[in-house]
Amino acid sequence: MKTGDLIRFKKTGIVGLVTEVGKSPACPDDPAAKVFCTYEDDETGESIMMAQWFGIRYLAACAEPADFNHSAMIGGVL
């Protein structure tokens, strides 16, 4: 995994962009990636933007490479 990779979380379908790869401030001993995502909250309909650190092993299990096929994404847009 490297900066600039586009990933899709398998369970939710949320697409994210890897903005940084390195050490998470919360767990500096494990490799991690910072992922920027936007999505719509199901309950409020509010648009949410976030950047969060995820462990590389977690991402390997829960995410897959994504592409810019917008029609396959929830909501149909980035």
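This text goes with the structure placed above it.
Okay, so let's go over this structure. (Residues numbered from 1 in each chain as written. Predicted model: local features only at pLDDT ≥ 70, side-chain atom pairs only at ≥ 80, totals over all residues. Heavy atoms only, no water.)

1. Examining the side chain of Ser-24
Inspection of the secondary structure puts Ser-24 in the loop between strand E2 (15-23) and strand E3 (31-40). At a separation of 3.1 Å, a polar atom in the side chain of Ser-24 contacts the main-chain amide nitrogen of Ala-26. When near neighbours in sequence (up to four residues on either side) are disregarded, Ser-24 contacts Asp-30, Ala-32 and Trp-53. (Helix = DSSP H or I, 4+ residues; strand = E, 2+ residues; numbered from the N terminus. Polar contact = N/O pair within 3.5 Å; in protein donor to acceptor, adjacent residues only side chain to side chain. Contact = heavy atoms within 4.5 Å.)

2. A few points about the nonpolar core
In summary, soluble globular proteins display a tendency toward joint burial of nonpolar side chains. Ile-7, Phe-9, Val-18, Ala-33, Val-35, Cys-37, Phe-54, Leu-59 and Ala-63 form the largest nonpolar core, which has nine residues in total. For this core, the secondary structure elements donating two or more residues are strand E1 (6-9) and E3. In terms of residues, this core owes the most to one element, E3, which gives three residues. (Core = buried A, V, L, I, M, F, W, Y, C linked by side-chain atoms within 4.5 Å. Buried < 20%, exposed > 50% of the residue type's maximum accessible area, 1.4 Å probe, protein only.)

3. Brief notes about the environment of Arg-57
Within the secondary structure, Arg-57 sits in helix H1 (residues 56-62). Distance in space between the C-alpha atoms of Arg-57 and Asp-30 is 9.1 Å, their sequence separation being 27 residues.

4. A word on the pairing of E1
Bridge count between E1 and E2: three bridges; the pairing is antiparallel. Paired with Leu-6 across the bridge in E2 is Leu-17. Taken together, E1 and the strand that follows it, E2, pair antiparallel across an intervening segment of five residues, in which Gly-13 is found at a positive phi of about 80°. Pairing geometry for E1 and strand E5 (residues 63-65), over three bridges, is antiparallel. Bridge pairing in E5 places Arg-8 opposite Glu-64. (Pairing = 2+ DSSP bridges.)

5. Here we look at the packing of aromatic side chains
Scanning the model with the defined rule gives two aromatic pairs in all. With 5.8 Å between their ring centres and 10° between their planes, Phe-54 and Tyr-58 make a pair best called stacked. Using a relative accessible area of 13% as the deciding quantity, one classes Phe-54 as buried. Among the residues examined, Tyr-58 registers a relative accessible area of 43% and is labelled partly exposed. Site record: aromatic cluster; members linked through ring pairs are Phe-9, Phe-54 and Tyr-58. (Phe/Tyr/Trp six-rings, centres within 6.5 Å; stacked < 30°, edge-to-face > 60°.)

6. So, the pattern of salt bridges
On inspection of all chains with the given rule, the structure shows three salt bridges. A salt bridge links Arg-8 to Glu-64; its shortest N-O distance comes to 2.5 Å. In this pair, Arg-8 sits in strand E1 while Glu-64 sits in strand E5, placing the two residues 56 residues apart along the sequence. Look at Glu-64 and you get partly exposed, because its relative accessible area is 28%. A salt bridge links Arg-57 to Asp-30; the nearest nitrogen and oxygen atoms lie 3.8 Å apart. You can see Arg-57 sitting in helix H1 and its partner Asp-30 sitting in the loop between E2 and E3, a full 27 residues away along the chain. (Salt bridge = Lys/Arg side-chain N within 4 Å of Asp/Glu carboxyl O.)

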